[in-house]
Amino acid sequence: MLKRLAGCFAALVLFFMPPLAVYADVSSAMPLRDGWKVQSACKLQTAGEVISATAYHPEGWYTTAVPATVVSVQVANGLFKDPYFGTNLRDLPGMTYPIGGIFARLPMSDDSPYHCGWWYRKEFVVPASAKGRTLWLRFTGINYRADVWINGRRIADSSQVAGAYRTYEFDVTDSVIVGKPNVVAVETFAPTEKDLGINWVDWNPCPPDKDMGLWGAVDLTTSGSVTLRSPMAVTHFTDAGLKQADLTVYAELYNATEKPVKGTVTGTVAGIHIEQPVKLAAHEDKTIVFDPETYKQLQVKNPAVWWPYQMGTPHLETLTLRFVAGGKISDEQSVRFGIREITSELTDKGFRLFRVNGKPILIRGAGWSPDMLLREDPKRLGDQFMLVRDMHLNTIRLEGKLETEDFFHLADEQGILVMLGWCCCDRWERWKDWTPENYQVAKASLQSQMLRIRHHASLLVWLNGSDNAPPADVEQMYLNVEEQTHWPNPILSSASATPTTVSGNSGVKMTGPYDFVAPSYWYVDKDKHGGAYGFNTETSPGPAVPNISSLRKYIPQDQMWPTSSASFSFHNGSGKFKTLAVFDDAMHATYGSPEDLKDYVRIAQAMTYDGERAMFEAYSRNKYTSTGVIQWMLNNAWPSNIWHLYDYYLDAGGGYYGTKKACEPLHVQYSYDDHSVVVVNSTYRATPRITVSAEVYDFNLKKVFDKETGLTVDADASQRAISIPDDVFPTSSKVYFVDLTLKDVSGKTLSHNFYWIPSTLTTFDWSKTDYTHTPAIQYDDMAELMTLPKTRIEAQASTAEDNKLLQVRLQNASKALAFQVAVTARDAHGEDIVPIVWSDNYVELMPGETQVLTAKLPALIPDNATIVVSGWNIPEQTLHLSPGKAVAAAASQAE
């Protein structure tokens, strides 16, 4: 029978006994990662006591490491063609739901192979050193239900193990044999449409197994009679100067024995010794607290403070706690934490403003997605954090899909804030249909996640709802759990503006848009929709079509053009995002109709650059009337044509570099609503004297405005520097160019920004606004750009810093503007080198202008690498790299 399946709080033991939610780093943990076998229960027709016996020999089972969902196991074992290519996903068994449907809301078909249970089986040996210790089997993610067996004994069934976001820890001391082979076998069951599972909404399809299986790590850990879990140190600064930090330390204890236990919790927090005697009754859970009033040493003078990377150093300290009984360590845990305090408030306009250590911060971030099959890749994870920082974003939002410990460790170490909470659009927000089990699974899931992640320095805020706020009884239940688990950060009822009777106004909005709007939208909407005011928790200027090099990786060659093909369309979204019609219509009306795929992608990159730049710039200019913006999304769960700042293959296109430009720490920018030139200082230091220059040219490059001025800008502020008169933009030229430069006193360029501006802005039909976008009555007219004269770029490439730094020198040797010039690094096989981040990209060069673009590579530049230089109105050039030497490309031009 089940030895232990109990929660940290007795109040949570209701229709079943929820297991202890646990922290992931345990010094005595033995990861059960490799050597698992997986097979369908429908193919076996064998009882759990047989499968989990050491005498059983699995034949014909798939081999995997864990974590791994069932479909990911099958893909890795070669059963299916790449499900991310073309429409291959639709060929998988069980893919019977309609294209564009939300599978989480629908039942599996009875004949789906994932309608059965699926077994995960592993043999392992418990080391002799564990003899005499209490042994714990820990699961950090099971989707959705499971029967758990050890050595022929069922230790938990699917009524007890239910909930994708719960963590489980079982006392298996009496079920395993030390020093000899043991078997753990887990029969997993997929979530139904009535469960609180892992869901995909309109971002991408859902795999046919609904991501069933062991999606989190499995470990065997040891302890003495008492376990210590979930240590956390919470900070409160007593003064605005951060001269004293009062620390409060928490940990969760559990007595696993039938007898009372006396002992001591002892350890260090940021090098400070603490100690407290403890008595525990038999099987008692207890939260231990060290408060700064009782333990005066926790009133820390002149602490080393953790900051988001743009505000300072993300300094981390160590908290180590152990429970000692009878002179022996029963259990010990260590975590890294930051001495920091995050608060939030409503501004005088009712907008949610966050502060870190007392200082306001404009949240500029984007929505995260894991891989659609929940596959983990530490290198890929690290690369994506590098891309986030390179774009100067400060926040990642998780809507459901609560990430791994590796994710949160990287966020802590790199100083990137995390905004997280539950998901929208399926059972998670259909509260009126909740069963008693749904209610209890939600409660236990929240407890598990609070205790798992609460110590992390990077956590900004928890959202109890997403698109909708929970009803009063559910919200109060959530708040009770958050109070019981001592959640140390702000809490919002939802990502929307809907107030609740429990917590009042959220101070945020979720008004969209999610589809294309012209750049001016973010400026001219000042108080009704998604414009740059308040805190917009998810919004976007629309689709993000990847470059051709990425499109080739997931769309068959014969279906790449036109973009209405089945394979191309399958990689759009769902619902109202099944097509790119809004984006394409705007392209045709604004720029003209593309002749081919190359033309289409070229215009798409300019549109996403322009759109992302405008969105982030508008919110930056208006701080702190605007208090935050989350781009929907940062990345994709699979290769996609919509909603990303870099594509599934980590290639950075126009939207990436528009975002990077807009969010640079010290930045000069143009305002679409009043033609002002604004300097945004996102650092927390006032600038010295700096100089802003603004030049405006008509389409024929006749200069129609030129002004320069000096100024200083306060810390974390925006300041208007120059006003360009309205009459500078007559309709005689339909497109104007605005060239902005910011320099220091020595003449060094600090920021440079180039715009293509219509003489007449888009006219929006505000009355027809829906959550996707606001349609245009009259579009920007940029068609003149399609007639730009052909020009010539002289390009040279070289390497430096032991072959890890690329330098590309671009000079416009003609008398015409070189527009949207992009550089790409490729290996000897012609594949793009990714990820690679350039100092700038998709740039414009005026006649005679020179720019030098650099890129730092994570590894050595491969042999026979090339640099491809392309643009709107230049012939493509290929530069063949020779390490350490400059190589010209004029002779390699392809007309």
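Our structure is the block above this text.
Residues numbered from 1 in each chain as written. Predicted model: local features only at pLDDT ≥ 70, side-chain atom pairs only at ≥ 80, totals over all residues. Heavy atoms only, no water.

Caption draft 1: Representation of the sheet that holds strand S12 (residues 213-214) within the structure. Taken together, three strands build an open sheet; the order of strands is S4-S12-S7 and the sheet is antiparallel. Both edges of this open sheet fall to strand S4 (68-69) and strand S7 (142-143), since each of them pairs with a single strand only. In this structure, S4 lies alongside S12, joined through two bridges in antiparallel fashion. Bridging from a neighbouring strand, threonine 69 pairs with glycine 213 of S12. (Pairing = 2+ DSSP bridges. Helix = DSSP H or I, 4+ residues; strand = E, 2+ residues; numbered from the N terminus.)

Caption draft 2: Summary view of the nonpolar core. Formed by 270 residues in total, the largest nonpolar core has its most connected members in Leu137, Phe139, Phe737, Leu785, Leu810, Trp838 and Ile867. No other element matches the 13 residues that helix H12 (residues 597-621) contributes to this core. Excluding its chain neighbours within four sequence positions, the residues that come into contact with leucine 785 are Tyr591, Phe699, Val735, Phe737, Trp756, Phe819 and Trp872. Ile51, Tyr56, Trp149 and Ala185 belong to the second largest nonpolar core, which has eight residues in total. (Core = buried A, V, L, I, M, F, W, Y, C linked by side-chain atoms within 4.5 Å. Buried < 20%, exposed > 50% of the residue type's maximum accessible area, 1.4 Å probe, protein only. Contact = heavy atoms within 4.5 Å.)

Caption draft 3: Here's a closer look at helix H6 (residues 436-453). Compared with an ideal rise of 1.5 Å per residue, which puts 18 residues at 26 Å, H6 spans 26 Å between its outermost C-alpha atoms and is within 8% of the ideal. In terms of burial, H6 is a largely internal element, 15 of the 18 residues being buried. (Expected span 1.5 Å × (residues − 1).)

Caption draft 4: Representation of the packing of H6 against helix H7 (residues 472-484) in the model. Running from N to C, H6 and H7 point in directions that differ by 30 degrees, and their axes come no closer than 9 Å. As summarised for this structure, H6 and H7 are arranged roughly parallel, according to the angle between their axes. Of the two elements, H6 crosses H7, and the hand of that crossing is right-handed. Contacts between H6 and H7 involve Tyr439, Ala442, Lys443, Leu446, Gln447 and Met450 from the first element and Asp473, Val474, Met477, Tyr478, Val481 and Glu482 from the second. Here the contact of H6 with H7 is composed, by residue class, of eight nonpolar, one polar and three charged. (Axes fitted to C-alpha atoms, helices over the stretch in contact; angles between N-to-C directions. Parallel < 35°, antiparallel > 145°, perpendicular 65-115°, else oblique. Left-handed = near helix turned anticlockwise from the far one by under 90°. Nonpolar A, V, L, I, M, F, W, Y, C, P; charged D, E, K, R; others polar.)

Caption draft 5: Spotlight on the packing of aromatic side chains. Within the structure shown, the criterion is met by 50 aromatic pairs. Ring geometry for tyrosine 165 and tryptophan 215: centres 6.0 Å apart, planes at 80 degrees, overall edge-to-face. Here tryptophan 215 lies in the loop between S12 and strand S13 (218-223) and tyrosine 165 lies in the loop between strand S9 (153-156) and strand S10 (168-171), a separation of 50 residues in the sequence. Residue classification places tryptophan 215 among the buried positions, given a relative accessible area of 14%. With a centroid separation of 4.9 Å and an interplanar angle of 65 degrees, the aromatic rings of tyrosine 656 and tyrosine 657 are classed as edge-to-face. For tyrosine 656, a relative accessible area of 0% translates into the label buried. Through a chain of ring-to-ring contacts, three or more aromatic side chains come together here, namely Tyr84, Tyr554, Phe570, Trp638, Tyr648 and Tyr649. The ring of tyrosine 648 has arginine 380 sitting right over it, with the charged end atom 4.4 Å from the ring centre. Sitting above the plane of the tryptophan 872 ring, arginine 602 keeps its charged end 4.5 Å from the centroid. (Phe/Tyr/Trp six-rings, centres within 6.5 Å; stacked < 30°, edge-to-face > 60°. Lys NZ or Arg CZ within 6 Å of the ring centre and 35° of its normal.)

Caption draft 6: Expanded view of the sheet that holds strand S36 (residues 717-723). Pairing is antiparallel across the open sheet formed by three strands, whose spatial order is S32-S33-S36. The open sheet has two edge strands with one neighbour each: strand S32 (666-670) and S36. Taking each pair of neighbouring strands and ignoring which way they run, the sheet shows an average axis angle of 25 degrees. Taken together, the five bridges between S32 and strand S33 (residues 676-681) define a ladder with antiparallel strand orientation. Bridging across to S33, tyrosine 670 finds its partner in valine 677. Sitting on the sheet, H12 is in contact with S32, S33 and S36, with an inclination near 105 degrees to S32.

Caption draft 7: Layout of the pattern of salt bridges. Here the structure, examined in full by the defined rule, presents 33 salt bridges. Notably, a salt bridge pairs aspartate 34 with arginine 33, separated by 4.0 Å at the nearest N-O pair. Through salt bridges that share partners, Lys526, Arg621, Asp673, Asp674 and Arg720 make up one connected network. (Salt bridge = Lys/Arg side-chain N within 4 Å of Asp/Glu carboxyl O.)

Caption draft 8: Inspection of the environment of isoleucine 630 at higher detail. You can see isoleucine 630 is positioned in strand S31 (residues 626-631). Residue isoleucine 630 is classed as buried on the basis of its relative accessible area of 0%. Taking the C-alpha atoms as reference points, isoleucine 630 and lysine 259, separated by 371 residues in sequence, lie 52 Å from one another. The contact partners of isoleucine 630, leaving out residues within four places of it in the chain, are Ile363, Gly365, Ala366, Gly367, Thr395, Arg397, Met419, Phe535, Asn536, Thr537, Glu538 and Thr539.

Caption draft 9: Representation of the pairing of strand S42 (residues 805-812). Sheet topology note: the strand S41 (residues 793-800)/S42 ladder contains eight bridges and is antiparallel. When the sheet's bridge partners are listed, alanine 797 is paired in S42 with valine 808. In this structure, the hairpin formed by S41 and S42 is closed by a connection of four residues, where glutamate 801 is found at a positive phi of approximately 50 degrees. The pairing of S42 with strand S46 (residues 850-856) spans seven bridges and is antiparallel.

Caption draft 10: Up close: the side chain of arginine 427. By the secondary structure assignment, arginine 427 is in the loop between strand S27 (417-421) and H6. For the buried residue arginine 427, which engages in no salt bridge, the nearest side chain bearing the opposite charge is aspartate 433, 4.7 Å off. Beyond its immediate sequence surroundings of up to four residues, arginine 427 is in contact with Glu193, Lys194, Asp195, Leu196, Asp433, Trp434, Thr435 and Asn438. (Lys, Arg positive; Asp, Glu negative; His and termini not counted.)

Caption draft 11: Inspection of the packing of H12 against helix H13 (residues 654-662) at higher detail. In contact at an axis separation of 7 Å, H12 and H13 are set at 25 degrees when each is read in the N-to-C sense. The angle between the axes of H12 and H13 places the two elements in the roughly parallel class. Note that H12 runs across H13; the crossing there is right-handed. Of H13, the residues touching H12 (which contributes Gln605, Thr608, Tyr609, Glu612, Arg613, Phe616, Glu617 and Ser620) are Gly654, Gly655, Tyr657, Gly658, Thr659, Lys661 and Ala662.

Caption draft 12: Just the state of the cysteines, in detail. All told, the structure shown has two disulfides when counted by the stated rule. Each disulfide pairs two cysteine sulfurs, and for cysteine 42 the partner residue is cysteine 116, the sulfurs being separated by 1.7 Å. On the sign convention where negative means left-handed, the S-S torsion of about -95 degrees between cysteine 42 and cysteine 116 marks this disulfide as left-handed. One end of the pair, cysteine 42, is in helix H1 (residues 41-44); the other, cysteine 116, is in the loop between helix H3 (70-76) and strand S5 (118-125), and 74 residues separate them in sequence. In this model, cysteine 424 is linked to cysteine 425 through a disulfide, with the two sulfur atoms separated by 2.1 Å. Sign of the S-S torsion, about -85 degrees for the bond between cysteine 424 and cysteine 425, identifies this disulfide as left-handed. Each of the two residues, cysteine 424 as well as cysteine 425, counts as buried. Here cysteine 206 stays unpaired: no disulfide links it, and the sulfur of cysteine 423, its closest cysteine neighbor, is 11 Å away. (Disulfide = S-S within 2.5 Å.)

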